[in-house]
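# Structure at a glance
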Amino acid sequence: REDAWLMIHRRNDLHFFMITKRPERIAQCLPDDWGDGYENVTICCTMENQRRADERLPLYRELPIRHKSIICEPLLEAIDFHDALGSWCEQVTVGGESGQDARVCDYDWVLNIREQCIKSNVAFHFKQTGAHFRKDGRLYNIPRNQQMAQANRAGIDFKR
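Overview of the structure. Please read all numbers here as calculations on a predicted model, not as lab measurements.

### So, the sheet that holds strand β3 (residues 67–72)
In a beta sheet, neighbouring strands are held together by backbone hydrogen bonds and run either parallel or antiparallel to one another. In spatial order, the strands read β1-β2-β3-β4-β6; together these five strands make up an open sheet with parallel pairing. For this open sheet the edge positions go to β1 (16–20) and β6 (123–128), each flanked by a neighbour on one side alone. Along the sheet, successive strands turn relative to each other by an average axial angle of 25°, direction set aside. Examined bridge by bridge, β1 and strand β2 (residues 41–46) share five bridges and lie parallel to one another. Each bridged residue has a counterpart across the sheet, and for Phe16 the counterpart in β2 is Val41. Running over the sheet, helix α3 (residues 50–62) touches β2 and β3 and is turned about 165° from β3.

### Some remarks on the side chain of Glu97
Along the polypeptide, Glu97 turns up in the loop between β4 (91–95) and β5 (105–106). Ignoring anything within four residues of it in the chain, the contact list for Glu97 reads Pro74, Leu76, Ala102, Arg103, Gly130 and Ala131.

### Section: the packing of aromatic side chains
Counted according to the given criterion, the structure contains seven aromatic pairs. Between the aromatic rings of Trp5 and Trp34, the centroid separation amounts to 5.3 Å while the plane-to-plane angle is 70°, which identifies the pairing as edge-to-face. You can see Trp5 sitting in helix α1 (residues 2–10) and its partner Trp34 sitting in the loop between α2 (26–29) and β2, a full 29 residues away along the chain. For Trp5, a relative accessible area of 10% corresponds to the buried category. Given a relative accessible area of 4%, Trp34 falls into the buried group. Lying across the ring of Tyr60, Lys68 places its NZ or CZ 5.6 Å from the centre. Here the basic side chain of Lys135 rests over the ring of Tyr107, its NZ or CZ set 4.9 Å away from the ring centre.

### Some details on the side chain of Asn40
Residue placement: Asn40 occurs in the loop between α2 and β2. Of the residues examined, Asn40 reaches a relative accessible area of 6% and is grouped as buried. One polar contact links the side chain of Asn40 to the main-chain carbonyl oxygen of Ile8, over a distance of 2.9 Å. Polar side-chain contacts of Asn40 include one of 3.1 Å to the backbone oxygen of Arg11. Those residues in contact with Asn40 that sit more than four places away from it in its chain are Ile8, Arg11, Asn12, Leu14, His15 and Phe16.

### Some words on the environment of Phe16
Tracing the sequence through the fold places Phe16 in strand β1. Of the residues examined, Phe16 reaches a relative accessible area of 18% and is grouped as buried. In this structure the C-alpha to C-alpha distance between Phe16 and Cys117, which are 101 residues apart in sequence, comes to 23 Å. If near-sequence neighbours (up to four positions away) are discounted, Phe16 is found in contact with Met7, Ile8, Arg11, Asn40, Val41 and Thr42.

Reading the values: rules and limits
- Residues numbered from 1 in each chain as written.
- Predicted model: local features only at pLDDT ≥ 70, side-chain atom pairs only at ≥ 80, totals over all residues.
- Heavy atoms only, no water.
- Pairing = 2+ DSSP bridges.
- Helix = DSSP H or I, 4+ residues; strand = E, 2+ residues; numbered from the N terminus.
- Axes fitted to C-alpha atoms, helices over the stretch in contact; angles between N-to-C directions.
- Contact = heavy atoms within 4.5 Å.
- Phe/Tyr/Trp six-rings, centres within 6.5 Å; stacked < 30°, edge-to-face > 60°.
- Buried < 20%, exposed > 50% of the residue type's maximum accessible area, 1.4 Å probe, protein only.
- Lys NZ or Arg CZ within 6 Å of the ring centre and 35° of its normal.
- Polar contact = N/O pair within 3.5 Å; in protein donor to acceptor, adjacent residues only side chain to side chain.

Below, the structure written as structure tokens:
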């Protein structure tokens, strides 16, 4: 693990993205010279439903990480961040679940998170619809190769 951090620190010409669903383990894994984070590292935390957001957000928000992003993928239900988003978070990425047994992603949930991001001036990215996407009460079954394009076509990304 120390060799990996050494390589990441030395390769400041690259930007590294790490994604976790276990923010409670991050602090024990950081290198001794981490400080508030390396400039070339973004650590993202997943929050797929309200329960996980309530558990992970308070822990994640307080960690010494220079570049933080939230990933709500697969988005499994509406999520209320309780006005906890702010300048500490650079972006929230949202996407539905892919695969044969994918659960439904509802466009209203996506739009609600987008509105929370706009209110908090946090960038928002709608990455993909997922395989089963509900919009205006209608369920769409979207092939894997079209899920990202359909999300992009919605044109709802927000840049701060």
